Amino acid sequence: MKGAPREVVSGVLLIDKLVGPSSNAVLQRTKRLLGATRAGHTGTLDPLASGLLVIGLGEATKFSGAMLDADKSYRAHLKLGERTATGDAEGPVLARSDAKVSRDELLAVLERFRGEIEQLPPMHSAIKHLGRPLYAYARDGESVPRSPRRIAIRRLELEKMEGSTAVLFVVCSKGTYIRTLAEDIGEALGCGAHLAALERTAVGPFRLEQSITLDALEALAPAERRGRLLPPEALVGSRPRLIIEARLAAKFQQGQAVLVSDPSGSVAVFDHVGVFLGTGEVDESGALRPKRLVAVR
């Protein structure tokens, strides 16, 4: 595999992950192809899932956490009439039933899952219990107590229904498990269901249509690969933009608080020529305090 020469690389890369590799495997290959010294993602996808993976490189890794709280969109394929041990197609089938479900019946059930709901995290998840991930207990055949979590299903639409397969479009808040949503819908229908396939179509403001596959990325020349990068500030684009003069920018970059006349709250900070300096918090007295700073070169 040919990677780009080692140099300072910072930015955001939108990858179209294929079914099969883990998110970490995609992350490491991306890091090598761009010649980056640091890389991190803004939320994983299971190996059986495909779609948008937002990767931060270099200085952008400092702001990756902003996307962890972002809404995400998915296209979920549900197999009605089959319940599996893992809630998805990876686990063995535990029960089968005739999925004689009409379109109207499914639409009526979907209505019950829109809005704010409580969801019990699956055993096959990375949530930790006593310092150990739940999936480790599940692999040992154990089940441990879990508490329901409050999530929001902002959109839940039936795109297609053929036989025992239903394709749903979902827009949801952080912390939502689509496999659990599939299982809960199946239970509500009385026939059981599991998640047969999953594609992530959006993370916050980023869309799958903007992304590139790893193979396509590798086929590009090094300069073209870097041309695919969005700037680090793309990860904090939802925050108000605060521009400060050169004198204040110098102090801010040194980690000092500076006085500004802007309203209080979290902001993305730029200098007078539009260079992104990092994020900060303006308190009620007008003091802008640094939170995450871009390294000064």
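Residues numbered from 1 in each chain as written. Predicted model: local features only at pLDDT ≥ 70, side-chain atom pairs only at ≥ 80, totals over all residues. Heavy atoms only, no water.

Draft legend 1. Region of the structure containing the overall build of the chain. Per the secondary structure count, the chain includes eight helices and 18 strands. Principal axes of the C-alpha set define a box for the chain whose edges measure 70 × 50 × 40 Å. Within the span of the chain, comprising 297 residues, buried residues form 45% of the whole. Counting contacts in the chain only where the partners sit at least 6 residues apart, residues at least 24 apart contribute 67% of the total. Of the accessible surface of the chain, which amounts to about 14800 Å², a share of 49% is contributed by carbon and sulfur atoms. Measuring between centres, the 41 positive side-chain charges of the chain sit 5 Å from its 35 negative side-chain charges. (Helix = DSSP H or I, 4+ residues; strand = E, 2+ residues; numbered from the N terminus. Buried < 20%, exposed > 50% of the residue type's maximum accessible area, 1.4 Å probe, protein only. Contact = heavy atoms within 4.5 Å. Areas by Shrake-Rupley, 256 points an atom, 1.4 Å probe, with all protein chains shown as cover. Lys, Arg positive; Asp, Glu negative; His and termini not counted. Charge placed at Lys NZ, Arg CZ, Asp CG, Glu CD.)

Draft legend 2. A look at helix α1 (residues 23-34). Between its first and last C-alpha atoms α1 spans 17 Å; for 12 residues at 1.5 Å apiece the expected length is 16 Å, and the two agree. Residues of α1 that are buried include every one of Ser23, Val26, Leu27, Arg29, Thr30, Leu33 and Leu34, and no others. In this structure, the buried side of α1 is in contact with β1 (11-17), β2 (39-41), β3 (49-57), α6 (214-218) and α7 (222-227). Once α1 ends, the next one or two residues include Gly35, with phi positive near 70°. (Expected span 1.5 Å × (residues − 1).)

Draft legend 3. Examining the pairing of strand β10 (residues 149-162) more closely. Across five bridges, strand β7 (residues 115-119) lies against β10 in antiparallel orientation. By the bridge assignment for β10, Gln119 is matched with Arg149. For β10 and strand β11 (residues 165-172), the ladder comprises eight bridges, and the chain directions are antiparallel. Bridge assignment links Arg155 to a residue of β11, and that residue is Val171. Here β10 hands over to β11 after two residues, with Gly163 in that stretch at a positive phi of 60°. (Pairing = 2+ DSSP bridges.)

Draft legend 4. Representation of the pairing of β1 in the model. Counting buried positions along β1 yields six of seven residues, so the element is predominantly enclosed. Pairing between β1 and β3: seven bridges, direction antiparallel. By the bridge assignment for β3, Lys17 is matched with Gly51.

Draft legend 5. Main features of the pattern of salt bridges. Inspection of every chain in the model, using the stated rule, returns 18 salt bridges. The residue Arg29 makes a salt bridge to Asp215 at a minimum N-O spacing of 2.9 Å. A residue pair is termed long-range when its members are at least 10 positions apart, and Arg29 in helix α1 and Asp215 in helix α6 qualify at 186 residues. In this structure Arg29 comes out as buried when scored by relative accessible area, which is 17%. The shortest N-O distance in the salt bridge between Asp283 and Arg289 comes to 3.6 Å. For Arg289, a relative accessible area of 46% gives the class partly exposed. Overlapping salt bridges bring together Arg29, Asp215 and Glu218 as one network. (Salt bridge = Lys/Arg side-chain N within 4 Å of Asp/Glu carboxyl O.)

Draft legend 6. Structural view of the side chain of Arg225. Here Arg225 is to be found in helix α7. Buried Arg225, no salt bridge; nearest opposite-charge side chain is Glu218, N-O distance 5.8 Å.

Draft legend 7. The packing of aromatic side chains, seen in detail. Inspection of every chain in the model, using the stated rule, returns two aromatic pairs. On the basis of an interplanar angle of 50° and a centroid distance of 5.3 Å, the ring pair of Phe270 and Phe276 is categorised as tilted. For the pair Phe270 and Phe276, a shared accessibility class is recorded, and that class is buried. Among the aromatic residues, those joined into a ring-pair cluster are Phe63, Phe270 and Phe276. (Phe/Tyr/Trp six-rings, centres within 6.5 Å; stacked < 30°, edge-to-face > 60°.)

Draft legend 8. Representation of the environment of Arg83. Checked against the element boundaries, Arg83 lands in strand β5 (residues 82-84). Ignoring any residue separated from it by four or fewer positions in sequence, one finds Arg83 in contact with Pro92, Val93, Leu94, Ala95 and Ala193.

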